[in-house]
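# Examination of the molecular architecture
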There are 2 protein chains.
Amino acid sequence: MTEANLCRTDLVAVLMTVRDETPHILTLRNGSSLPAGPLKSAHRSLQKGLRAWVEQQTGFHLGHIEQLYTFGDTQCEDGMRLVRISYMALTSTSTDEGDWRSVYDYFPWEDRRRGDTDVILTQIVKHIRKWSDGRSDRHRRCAIAFGLDNHPWNDELVLQRYELLWEAGLVAESHIKGEFILHSRAMSDDYRRVLATAMSRIRARIRYTPAVFDLLPMHFTLFQLQQTMEALAGRFMHKQNFRRLVLSQHLVSETGSYEQAGQGRPARLYRFDPAGSENCYLAGAKLPLSPVTLSS
Amino acid sequence: MTEANLCRTDLVAVLMTVRDETPHILTLRNGSSLPAGPLKSAHRSLQKGLRAWVEQQTGFHLGHIEQLYTFGDTQCEDGMRLVRISYMALTSTSTDEGDWRSVYDYFPWEDRRRGDTDVILTQIVKHIRKWSDGRSDRHRRCAIAFGLDNHPWNDELVLQRYELLWEAGLVAESHIKGEFILHSRAMSDDYRRVLATAMSRIRARIRYTPAVFDLLPMHFTLFQLQQTMEALAGRFMHKQNFRRLVLSQHLVSETGSYEQAGQGRPARLYRFDPAGSENCYLAGAKLPLSPVTLSS
DNA sequence: CCTATATATGCTCATGTTGAGTATAATAAG
DNA sequence: CTTATTATACTCAACATGAGCATATATAGG
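Residues numbered from 1 in each chain as written. Chains lettered and ligands numbered in written order. Predicted model: local features only at pLDDT ≥ 70, side-chain atom pairs only at ≥ 80, totals over all residues. Heavy atoms only, no water.

### What to know about the overall build of chain A
Looking only at helices and strands, one finds eight helices and nine strands in chain A. Buried positions account for 53% of the 296 residues belonging to chain A. At a minimum sequence separation of 6, the contacts of chain A that also span at least 24 residues come to 62%. Here chain A displays about 13700 Å² of accessible surface, and carbon together with sulfur accounts for 50% of that area. (Helix = DSSP H or I, 4+ residues; strand = E, 2+ residues; numbered from the N terminus. Buried < 20%, exposed > 50% of the residue type's maximum accessible area, 1.4 Å probe, protein only. Contact = heavy atoms within 4.5 Å. Areas by Shrake-Rupley, 256 points an atom, 1.4 Å probe, with all protein chains shown as cover.)

Here is the structure:
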């Protein structure tokens, strides 16, 4: 009964930072792999183990760490199952060391800030429509994922989009060989799916947790904050409204000093204010709850 | 280097349903354990393996299945690490078979619909204030988790609350022996933490995915839907506004028939409408994004 | 010094969403 | 017929959001 539950277990890390207004990840083997290694039993929790392992290997200080997903689909040569536990870790440390690559090399269709992304998407739509032709379930999934038929573009659906492209044979990793492969960087061992999971997760996280601040220096301008959000979301935001939103939540407080002037009026510098972070529900519980209060 | 990554791997399932306006879970060993078993290598993906395993063991049809978290803290007798991959599964099948128990037996403080929950919470606050006395970080965590100091009660923080109680030595499973233990049902092997994770997750899920409908029969009234949500959230909702919200999202469509009248005016019966489910962001992306549309 | 340009910041306003009710409709029980 | 009970419809103030205009403060070039 219990002889079958021995598995090889690996940790996989998506180490993310934002530089040059673009999210970057640490890669290995010429961009085709993510940092991964066997689970050592030295640490009490997996999370602590991962932190220690990555910090030791890379020398970076890690901010927010989050477990993503545990994959068990892979079979080893020896017939044993390989379980891979994936994590996302954020860092603001930017070094030239290590092979950092833009996330959008792997998902060019996810950066809606570039004007030419529409060209890629038009291409995708053409092929994916062919794949979903006559299958209403596929058609609906595509419409929702890619924002067709009056559906809005939902930037959090990175994983759904990647899986559709995989199913339709439009990426190199796919199990079927389509006659057309999208121009984008591939990865081995399904690591690109792990990366898609990470992007979905971070795009969701920045909305209602203060996770972005782990990607910023101690002091920053509101526009730097905005640009970091934009880099992750792959979308432009309305500058004045972004200010209003952030300031109204008291997520940041003024440092009193100003940015080293470049062009134009110098911007105020702010720091993250943890005291306001519990209000960081930019989105949030919109159920029509009746109020509940407890007298402390 | 690779000799250390052999682990025992177990699947753990939180099988949830709602009956009698209360969320229930399937338990074992007199309520002290959850269904768990070794990972068999028969199935291609973990998710499919779990579904087959639970459906075979229990005979229930499972709706929404979701991976919760992978725990690696446990050490076996033989020195090998035990990795436990936990899942939540929803079912609307209600049978008398199996040892189903109310979730609120394990977390009485989470059901804010009962008037006497305030008594429990007052008790908790008394002890937890003592524990956090003079430690501002602890004080802040408690305030946010338990809705003190003008913080609103956030029903999604089930796990945070449980972990605080655990740290403070107020639950039986705790590593430290407090002089006071809260009246609530305990579990072995940290299963209660898994359950807390599941409750946190489902309370988040019902807000912006149509997961609730997996807990309802095919046809239902709006008030049944509301009561199911209330059971999970542990909160009462405003009836008229709940209707408005659900109907405005086109999440349901009328069946044309009416409930078998009990008291009062008979209620219309509805069914879930998957066509509207992509609008199920009751909460959602409230970033001030600039609009993006793609001409299909 | 004056002007053009660039950026930051402040403010307005129409529209939509939410919280908290009041009002009305349709049934059962007495 | 009256009352109790539940379902459903509608109102209204407060607040949040999307979109844009207006002003402030810097640099660069004449």
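Resuming the write-up.
### A closer look at the sheet that holds strand E7 (residues 219-220) of chain A
Strand pairing within a sheet occurs via backbone hydrogen bonds; the two strands may be parallel or antiparallel. All names here are of chain A. Spatially, three strands are ordered E7-E9-E8 in an open sheet, and the strand pairing comes out antiparallel. On the outer flanks of this sheet lie E7 and strand E8 (252-258), each paired with one strand and no other. The sheet contact formed by E7 and strand E9 (residues 268-272) spans two bridges and is antiparallel. Each bridged residue has a counterpart across the sheet, and for Phe 220 the counterpart in E9 is Tyr 270. (Pairing = 2+ DSSP bridges.)

### Points about the packing of helix H5 (residues 158-167) of chain A against helix H6 (residues 191-208) of chain A
Residue and element names in this part refer to chain A. For the pair H5 and H6, the least separation of the axes is 7 Å and the interaxial angle reads 150 degrees. The angle between H5 and H6 places the two elements in the roughly antiparallel class. Taken together, the residues of H6 that come into contact with H5 (itself represented by Val 158, Leu 159, Arg 161, Tyr 162, Glu 163 and Trp 166) are Arg 192, Arg 193, Ala 196, Thr 197, Met 199, Ser 200 and Arg 203. Across the contact of H5 with H6, the residue classes break down as six nonpolar, two polar and five charged. (Axes fitted to C-alpha atoms, helices over the stretch in contact; angles between N-to-C directions. Parallel < 35°, antiparallel > 145°, perpendicular 65-115°, else oblique. Nonpolar A, V, L, I, M, F, W, Y, C, P; charged D, E, K, R; others polar.)

### A look at the side chain of Glu 156 of chain A
Residues and elements named next belong to chain A. Secondary-structure assignment places Glu 156 in the loop between helix H4 (136-146) and H5. Within the structure, Glu 156 has its side chain in polar contact with the side chain of Arg 207 (distance 3.0 Å). Contact partners of Glu 156, with chain neighbours within four places excluded, come to Arg 161, Ser 200, Arg 203, Ala 204 and Arg 207. (Polar contact = N/O pair within 3.5 Å; in protein donor to acceptor, adjacent residues only side chain to side chain.)

### Observations regarding the protein's contact with DNA strand C
For DNA strand C, the set of nearby residues contains 23 residues, the closest of which are Lys 239, Gln 240, Arg 243 and Arg 268 of chain A together with Gln 240 of chain B. Between DNA strand C and Arg 265 of chain B, the relevant distance is 3.4 Å, taken from a sugar or linking oxygen to a side-chain nitrogen or oxygen of the residue. Its residues assigned to classes, the surface near DNA strand C shows seven nonpolar, eight polar and eight charged. (Near = heavy atom within 4 Å.)

### Points about the sheet that holds strand E7 (residues 219-220) of chain B
All names here are of chain B. Pairing is antiparallel across the open sheet formed by three strands, whose spatial order is E7-E9-E8. With partners counted over all chains shown, the strands left at the sheet margins are E7 and strand E8 (252-258), one partner each. Relative to strand E9 (residues 268-272), E8 runs antiparallel, the two being bridged by four bridges. Paired with Glu 254 across the bridge in E9 is Tyr 270.

Such coordinate-based values are descriptive only and should not be taken to indicate function.
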